[in-house]
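This is what each chain is made of:
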Amino acid sequence: MLARQTNGAAAAKHEGTVVIAIVDYKAGNLASVKKAFDHLSAETVVTADPAAVQAAEKIILPGVGHFAATKVLDDAGLREAIIEQIERGVPFLGICVGMQWMLASSEEAPDVHGLALWPGECSRFPSGVKSPHVGWNSLHIRNGASRLLRGIPDGTFVYFTHSYRVPLLSSTVAECEYGGGFSAAVEQENMFGAQFHPEKSGSAGLRMLENFCQI
Amino acid sequence: MLTKRIIACLDVDAGRVVKGTQFLNLRDAGDPAELAAAHSAAGADELVLLDITATHERRATLLETVRRTALELFVPFTVGGGVRTLEDAGAIFDAGADKISINSAAIADSSLITCIAQRFGSQAVIVAIDAKRNGNGFQAWTSGGRVRSEKDAVLWAKEAEDRGAGEILLTSMDRDGTGAGFDCELTRAISQTVRIPVIASGGAGSAEDFVHVFREGAADAALAASIFHFGLSSISDLKRHLLVAGIPMRFPC
């Protein structure tokens, strides 16, 4: 079982460690994300407690499954905690559905509201391609100054698995092509998003997570 | 460009990797965690661990093997064999797997697919179909190839998709372990019927077999076990061969 340390954030902070809160909103499993940070010797807490999110120095919102699952974030008071932290400048990384939630909405669940950090809506892949988009696809890096993608060459392969996609935005730092172009990674100030799974993308993905740790 | 995936499969029995011919004749091939790490380093795009005797002996999948194998693996990791309930699936995800593969239990009760997909997402649910030729068609079998079901394999693949499966892992029982090549006709029939990715399995004996299953079989991914274990070919050699043949591959890995 995952170690759910609701008090871990505050305790570790006293020791001077940067604590990364991995937000647990009961959608899918977080073991893979936790495991990748363990490998990087980064201190993480897997938590559903808004207080632990508020105490964290970095926040990860993983995500697999349905956009509607993000509704739990509202019910648990996590949305407010995350918004507050982003406004304070705390680095925030949304992965997969976690990145999609950074937009206002998704066709997958039109009544569920995302953070609306950027305009736009997540849409389904066109009928001409197989869906979900599963497997290793290449990144076309659009912004070489990206801090998340530091040291990642253009054309690097990363692992995707998703049925809905984020359109190209002003904050898009890497693009992917599958039934048209879409945002593979977004970045603006302290806000980061990856549609792919860095924790499942081999050494390139680990490098990105390490980059995030160092921001 | 989305690449075709080469998936290394570890058939595990009692915590050891084994590989049989047509589901029989098991030979010992090593430690799952060590082999998984070696395959990943050599360029495997994913790892699948199948607990091949779990359904037969009605025992839980070896969670400790899963945990140990997952620990230092940073490519997608699927576990199958003996998953009968949402709780079985949850325990495997907690141990570090990204996807589960279900076969017999899904045929017995297809609502299990929906149940796991709703909790963990469709991307986490692979429905494994063991198919055998039957006249002009293909029949789905269960319990590690021991029991013939009433389901037509192609119709069952479509039903599994409708129930929420994220991928189909399709094994040709006629070809499995023979090295005679994938059943491209079977693979194509299912790949063209469903919209979700199809992983072809059973029969790989040469690099050229993989070219055929991606071209003629329209497979999205291909799975192989014994071709690697017994030094017939390395994954990087295989992927290089495919790349030269014009099949999109993640390379360098």
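The structure displayed is predicted, hence computed values, not measured ones.

Peer 1: What's the story with the sheet that holds strand β5 (residues 103–106) of chain A in this structure? I'm lost.
Peer 2: One key point about sheets: their strands pair by backbone hydrogen bonds, in either a parallel or an antiparallel sense. Residue and element names in this part refer to chain A. Judged by pairing direction, the sheet is mixed, and its 3 strands sit side by side in the order β5-β6-β10 without closing on themselves. Bordering the open sheet on either side are β5 and β10 (164–165), each of which pairs with just one other strand. Here strand β6 (residues 118–124) runs beside β10; their pairing, made up of 2 bridges, is antiparallel. By the bridge assignment for β10, Arg124 is matched with Tyr164.

Peer 1: Looking at this structure, I do not really get the nonpolar core. What am I missing?
Peer 2: Generally speaking, nonpolar side chains in soluble globular proteins are found buried as a group. The biggest cluster of nonpolar side chains holds 56 residues, and the ones touching the most others in it are Ile102, Ile129, Ile168 and Ile190 of chain B. With 46 residues, the next largest nonpolar core counts Ala42, Val46, Leu93 and Leu115 of chain A among its residues.

Peer 1: Help me understand the sheet that holds strand β8 (residues 140–141) of chain A in this model?
Peer 2: All names here are of chain A. Across the sheet, 8 strands lie side by side as β2-β1-β3-β4-β13-β12-β11-β8; this open sheet has mixed pairing. Two strands lie at the open edges of the sheet, namely β2 (43–47) and β8, each paired on one side alone. One ladder, built from 3 bridges, connects strand β1 (residues 19–23) with strand β3 (residues 58–61); its direction is parallel. Bridge pairing in β3 links Ile22 to Ile60.

Peer 1: What's the story with the confidence of the model for chain B in this structure? I'm lost.
Peer 2: Detailed reading of predicted coordinates is not advised where the pLDDT is low. Considering every residue of chain B, the mean pLDDT works out to 88; 89% of them sit at 70 or more. Between residues 20–26 of chain B, whose pLDDT stays under 50, and residues either more than four places distant or in other chains, the model counts 20 contacts.

Peer 1: Could you clarify how one ought to interpret the environment of Ala180 of chain B in this entry?
Peer 2: Residues and elements named next belong to chain B. You can see Ala180 is positioned in the loop between β10 (167–172) and α8 (184–191). For Ala180, a relative accessible area of 53% puts it in the exposed group. Sequence separation of Ala180 and Gly205 is 25 residues, and the distance between their C-alpha atoms is 6.0 Å. Not counting the four nearest positions on each side in its chain, Ala180 is found in contact with Arg175, Gly203 and Asp209.

Peer 1: Please explain the interface of chain B and chain A as it appears in this structure.
Peer 2: As a measure of interface size, the accessible area lost when the parts come together is often cited. Each side of the interface is counted separately: chain B has 35 residues, and chain A has 36 residues. When chain B packs against chain A, the two sides together hide about 2800 Å² of surface, and 53% of this comes from carbon and sulfur. Per-residue buried area on chain B facing chain A is highest for Leu2, Phe74 and Arg195 of chain B; these three make up 30% of the total on that side. A salt bridge links Lys200 of chain A to Asp98 of chain B; the shortest N-O distance between them is 2.9 Å. The tally of links from chain B across to chain A stands at 20 residue pairs in polar contact (both at pLDDT 80 or more). Looking at the side of chain B that touches chain A, the elements with two or more residues in it are α4 (86–94) and α6 (111–120) of chain B. Taken together, the residues of the side of chain B that touches chain A break down into 17 nonpolar, 6 polar and 12 charged.

Peer 1: Mind showing me how you'd approach the environment of Ala224 of chain B here?
Peer 2: All names here are of chain B. Relative to the elements of secondary structure, Ala224 occurs in strand β12 (residues 221–224). Note on Ala224: relative accessible area 4%, which makes it buried. When the C-alpha atoms of Ala224 and Phe210 are compared, they prove to be 9.5 Å apart, with 14 residues separating the residues in sequence. Excluding residues that lie within four positions of it along the chain, Ala224 makes contacts with Ile7, Ala8, Cys9, Ala204 and Phe210.

Peer 1: Mind showing me how you'd approach the pattern of salt bridges here?
Peer 2: Should the charged atoms of two oppositely charged side chains come close, the side chains can pair. All told, the structure shown has 20 salt bridges over all chains when counted by the stated rule. The salt bridge partner of Lys34 of chain A is Asp38 of chain A, with a shortest N-O separation of 3.6 Å. In this pair, Lys34 of chain A and Asp38 of chain A are both assigned in helix α2 (residues 31–39), 4 residues apart and thus about one turn of the helix distant. What makes Lys34 of chain A buried here is its relative accessible area of 15%. Here Lys99 of chain B makes a salt bridge to Glu167 of chain B, at a shortest N to O gap of 2.7 Å. Of this pair, Lys99 of chain B sits in strand β6 (residues 99–102) while Glu167 of chain B is found in strand β10, placing the two residues 68 residues apart along the sequence. Residue classification places Lys99 of chain B among the buried residues on the basis of a relative accessible area of 3%.

Parameters and conventions
- Residues numbered from 1 in each chain as written.
- Chains lettered and ligands numbered in written order.
- Predicted model: local features only at pLDDT ≥ 70, side-chain atom pairs only at ≥ 80, totals over all residues.
- Heavy atoms only, no water.
- Pairing = 2+ DSSP bridges.
- Helix = DSSP H or I, 4+ residues; strand = E, 2+ residues; numbered from the N terminus.
- Core = buried A, V, L, I, M, F, W, Y, C linked by side-chain atoms within 4.5 Å.
- Buried < 20%, exposed > 50% of the residue type's maximum accessible area, 1.4 Å probe, protein only.
- pLDDT = per-residue confidence, 0-100.
- Contact = heavy atoms within 4.5 Å.
- Buried area = accessible area lost by both parts, 1.4 Å probe.
- Salt bridge = Lys/Arg side-chain N within 4 Å of Asp/Glu carboxyl O.
- Polar contact = N/O pair within 3.5 Å; in protein donor to acceptor, adjacent residues only side chain to side chain.
- Nonpolar A, V, L, I, M, F, W, Y, C, P; charged D, E, K, R; others polar.

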